[in-house]
Amino acid sequence: MSVQLDVAPGFRGLPNGLPRLLPVDRRLFPDGLRTSGQHPPIEGQLRSFEDFPTEITGATVWEGKEMEQKTQEWIHQWTEPELQELLWATDRFNDTGIDFKLPTLESKLQDIRNDILNGRGFIVFRGLPIQKWGRYKAAVVTMGLSVHLGYLLSQNKLGLVLGHVTNQGADWHNDLDKIKISATNAPQFYHTDETDIVGLLFCAPGETGGASGCASAHTVWNDLVKNRPDVAKTLASPIWHVDRKGEVTPGQEPWFKNPVFMVEPGGKERVYVKWDPYFVKSLKRFSDKGLIPSLSEEQLEAMEVLEATCQRHGFEYNCEVGDIQFVSCCQTFHSRTAFTDALPPKPPRYLLRTWISTPEHEGGWCLPFHDSCYPKRGGIQVDSTPAVADPLTTAGGTV
């Protein structure tokens with residue numbers, strides 16, 4: 001499958017002053033852009049807990065109970081003309097390889113992009129006839145919508161820009177340092193992905209479970225500051241090691257370290273979140289060797305309190321086949337409940353995932369990382385592995 005969908009509308013080149021990046025081989029990256037990958041923050045741009053806001057207000061602050069009553073605000077039902085435009089763009093792209101153009105939907109998508117980045121932080125598009133169009137066309141639609149929000153990122157060491165989220169039977173109880181929980185049927189606690197926006201196309205449901213969840217990180221922050229300032233301070237401290245789980249380019253450490261909550265070093269100075277407990281719990285092999293500290297009692301408690309606070313202020317909802325969900329990973333936590341797959345001949349629970357970068361100079365968040373202005377910031381990139389996408393075949397193993 002071609003992935004020549006990676007140029008966001010309005011791109012005008014990089015601003016001056018970026019750190020030097022390795023040359024890009026255009027035979028591997030035709031657009032001249034490689035996924036940046038995960039990096040530790042710039043220490044001088046981190047704020048101490050005392051410099052964080054004590055209360056956040058605005059559209060990014062909401063309660064799950066409110067969202068449960070306002071589904072019309074975050075579920076967009078495709079109209080027939082919109083579906084015809086999506087089908088036209090998909091067929092045009094498949095036939096010619098020309099960029100995925102949406103003449104009528106473009107302005108609406110830019111309004112939605114603004115709401116994802118600067119407001120509520122999530123949306124669900126409903127009514128894509130995946131069973132009629134097939135998974136391939138539905139995947140093209142998902143990728144096409146994604147590049148109207150930003151740039152597609154590599155999600156693992158194989159360069160996949162279209163991830164397969166399904167139970168691959170990995171032993172997460174014993175091999176947590178080797179696998180990603182999205183490749184199992186275990187619950188995914190409230191977390192963020194290694195990207196600015198995550199997109200999910202729902203191809204097949206589980207027999208039971210598998211509900212999605214969202215929570216406002218700003219509502220959670222307000223609660224923590226008010227009721228558990230000690231926990232908020234722990235989460236805002238640069239003491240959290242994050243496992244790369246073997247997806248390492250030579251010269252990198254097998255982990256990086258950052259706070260869970262950070263403040264934009266410029267721009268709107270909003271509170272930013274970066275968190276996945278499964279990438280923190282899996283570091284015992286390094287702490288046992290004395291290479292990094294073990295999780296302290298304060299950190300363990302902070303993890304429990306954070307999850308409980310997310311559950312208290314978030315909400316769960318069930319997606320339908322054909323739904324496409326986009327969630328900001330800057331100010332919104334998301335989750336998934338445990339599930340069981342249906343027995344054959346029914347298909348297993350299956351989602352296709354995109355990771356989307358929204359660089360600072362194109363309206364994205366100002367982040368305390370050296371690649372804040374780089375188009376394909378974040379994601380996971382090992383060496384110069386080129387981007388690939390296959391919507392029909394589960395690839396990438398458990399990572």
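Residues numbered from 1 in each chain as written. Predicted model: local features only at pLDDT ≥ 70, side-chain atom pairs only at ≥ 80, totals over all residues. Heavy atoms only, no water.

1. Some thoughts on the overall build of the chain
Put simply, the rule is: Strands here mean DSSP runs of E at least two residues long; helices mean DSSP runs of H or I at least four residues long; both are numbered from the N terminus. Computation of the radius of gyration draws on C-alpha atoms, with the globule rule given as 2.2 Å multiplied by the number of residues to the power 0.38. The classification of residues rests on relative accessible area computed with a 1.4 Å probe and restricted to protein chains. Under 20% of the type maximum is buried, over 50% is exposed, and intermediate values are partly exposed. In this description, contact between two residues means that some pair of their heavy atoms is separated by no more than 4.5 Å. Surface exposure here means Shrake-Rupley accessible area, sampled with a 1.4 Å probe, where a residue is shielded only by the protein chains that are shown.
Within the chain one finds 10 helices and 17 strands. Here the C-alpha atoms of the chain give a radius of gyration of 20 Å, agreeing with the 21 Å that 2.2 N^0.38 yields for 399 residues. Dimensions of the chain, computed from the C-alpha atoms along their principal axes, are close to 55 × 50 × 40 Å. Residue burial in the chain is summarised as follows: out of 399 residues, 56% are buried. Sequence separation of 24 or more characterises 81% of the internal contacts of the chain that already satisfy a separation of 6 or more. Carbon and sulfur atoms provide 52% of the accessible area of the chain, an area that totals close to 16,900 Å².

2. Details of the pattern of salt bridges
Rules: We count a salt bridge whenever a side-chain nitrogen from Lys or Arg sits within 4 Å of a carboxyl oxygen from Asp or Glu.
Summed over all chains, the structure comprises 21 salt bridges. Between glutamate 194 and lysine 274 there is a salt bridge whose closest N-O contact spans 2.8 Å. Here lysine 274 lies in the loop between strand S12 (271–273) and helix H9 (284–287) and glutamate 194 lies in the loop between strand S5 (188–191) and strand S6 (197–204), a separation of 80 residues in the sequence. No difference in accessibility class separates glutamate 194 from lysine 274, as the two residues are buried. A salt bridge links lysine 346 to glutamate 207; its shortest N-O distance comes to 4.0 Å. Of this pair, lysine 346 sits in the loop between strand S16 (339–340) and strand S17 (350–357) while glutamate 207 sits in the loop between S6 and strand S7 (208–209), and the two are 139 residues apart along the sequence.

3. Some remarks on the packing of helix H3 (residues 80–96) against helix H6 (residues 135–147)
Just so we agree on the cut-off: To get an axis, fit a line to the C-alpha atoms, keeping to the stretch in contact for a helix; angles then go from 0 to 180 degrees between the N-to-C directions. Put simply, angles under 35 degrees are roughly parallel, angles over 145 are roughly antiparallel, angles from 65 to 115 are roughly perpendicular, and the rest are oblique. Amino acids are sorted into nonpolar (Ala, Val, Leu, Ile, Met, Phe, Trp, Tyr, Cys and Pro), charged (Asp, Glu, Lys and Arg) and polar (every other residue, Gly among them).
One way to put it is that H3 packs onto H6 with a least axis distance of 10 Å and a crossing angle of 100 degrees. As judged from the angle between their axes, H3 and H6 are roughly perpendicular. Along the contact surface, H3 presents Leu86, Leu87, Thr90, Asp91, Phe93 and Asn94, while H6 presents Tyr136, Lys137, Val140, Val141 and Leu145. Classifying every residue of the contact of H3 with H6 gives seven nonpolar, two polar and two charged.

4. Some thoughts on the sheet that holds strand S8 (residues 212–216)
As a reminder of what qualifies: When DSSP locates at least two bridges between a pair of strands, those strands are taken to pair.
Spatially, four strands are ordered S5-S15-S8-S13 in an open sheet, and the strand pairing comes out antiparallel. Where the open sheet ends on each side, the last strands, each with one partner, are S5 and strand S13 (315–317). The average angle at which neighbouring strand axes cross in this sheet is 20 degrees, direction not considered. Two strands pair when backbone bridges link them, and S5 and strand S15 (residues 332–336) are joined in this way by two bridges, in the antiparallel orientation. Residue pairing for S15: histidine 191 is matched across the bridge by histidine 334. Packing against the sheet, helix H7 (residues 217–227) makes contact with S8 and S15, and its axis sits at approximately 55 degrees to S8. Against the sheet, helix H10 (residues 297–313) touches S5, S8 and S15, its axis set at about 85 degrees to S5.

5. Some details on H10
Keep this limit in mind: An expected span of 1.5 Å times one less than the residue number is assigned to each helix.
In a regular helix each residue adds 1.5 Å, so 17 residues correspond to 24 Å; H10 covers 24 Å between its end C-alpha atoms and thus fits that length. Among the residues making up H10, those that are buried are Gln299, Ala302, Met303, Val305, Leu306, Glu307, Thr309, Cys310 and His313.

6. Overview of the packing of aromatic side chains
Inclusion rule: To pair, rings of Phe, Tyr and Trp, with the six-membered ring standing in for Trp, must have centres within 6.5 Å; the planes then decide the type, stacked if under 30 degrees apart, edge-to-face if over 60, and tilted in the middle. Any Lys NZ or Arg CZ that is within 6 Å of a ring centre and within 35 degrees of that ring's normal is treated as a charge sitting over the ring.
Applying the stated criterion across every chain yields a total of 17 aromatic pairs. Seen in terms of ring centroids, phenylalanine 125 and phenylalanine 326 are 6.1 Å apart; in terms of plane orientation they differ by 80 degrees. Their pairing is edge-to-face. Here the residue phenylalanine 125 occupies a position in strand S2 (residues 122–126), and phenylalanine 326 occupies one in strand S14 (residues 324–328), the gap between them amounting to 201 residues. Residue phenylalanine 125 shares its accessibility class with phenylalanine 326, and that shared class is buried. Aromatic pair tryptophan 240 and tryptophan 275: ring centres 5.5 Å apart, planes at 85 degrees, arrangement edge-to-face. With tryptophan 240 in strand S9 (residues 240–243) and tryptophan 275 in the loop between S12 and H9, this residue pair connects regions lying 35 residues apart in the sequence. A residue is classified by how much of its surface remains accessible, and tryptophan 240, at 1% relative accessible area, is buried. Put simply, the rings of Phe49, Phe52, Trp221, Phe261 and Phe333 pair up and form one aromatic cluster. Here lysine 245 stacks its cationic end above the ring of phenylalanine 279, 4.4 Å away from the centre of that ring.

7. Here's the deal with the side chain of serine 212
With respect to the secondary-structure elements, serine 212 resides in strand S8. Accessibility expressed as a relative area gives 4% for serine 212, which makes it buried. Not counting chain neighbours up to four residues away, the residues in contact with serine 212 comprise Phe202, Phe315, Glu316, Tyr317, Cys319, Gln325 and Ser335.

8. Some points on the UniProt feature "domain: TauD/TfdA-like" (unreviewed entry) in the chain
The test is simple: UniProt positions are given in the numbering used here, feature names are shortened, and annotations may be inferred rather than shown by experiment.
In the UniProt entry, the feature "domain: TauD/TfdA-like" (unreviewed entry) is given for residues 96–355. Taken end to end, residues 96–355 is 27% helix and 25% strand, and its two terminal C-alpha atoms sit 24 Å from one another.

9. Considerations on the environment of lysine 281
Within the secondary structure layout, lysine 281 lies in the loop between S12 and H9. Of the residues examined, lysine 281 reaches a relative accessible area of 42% and is grouped as partly exposed. Lysine 281 sits 105 residues away from leucine 176 along the chain, and the two C-alpha atoms are 8.1 Å apart. Excluding residues within four positions of it along the chain, lysine 281 makes contact with Leu176, Phe189 and Met303.

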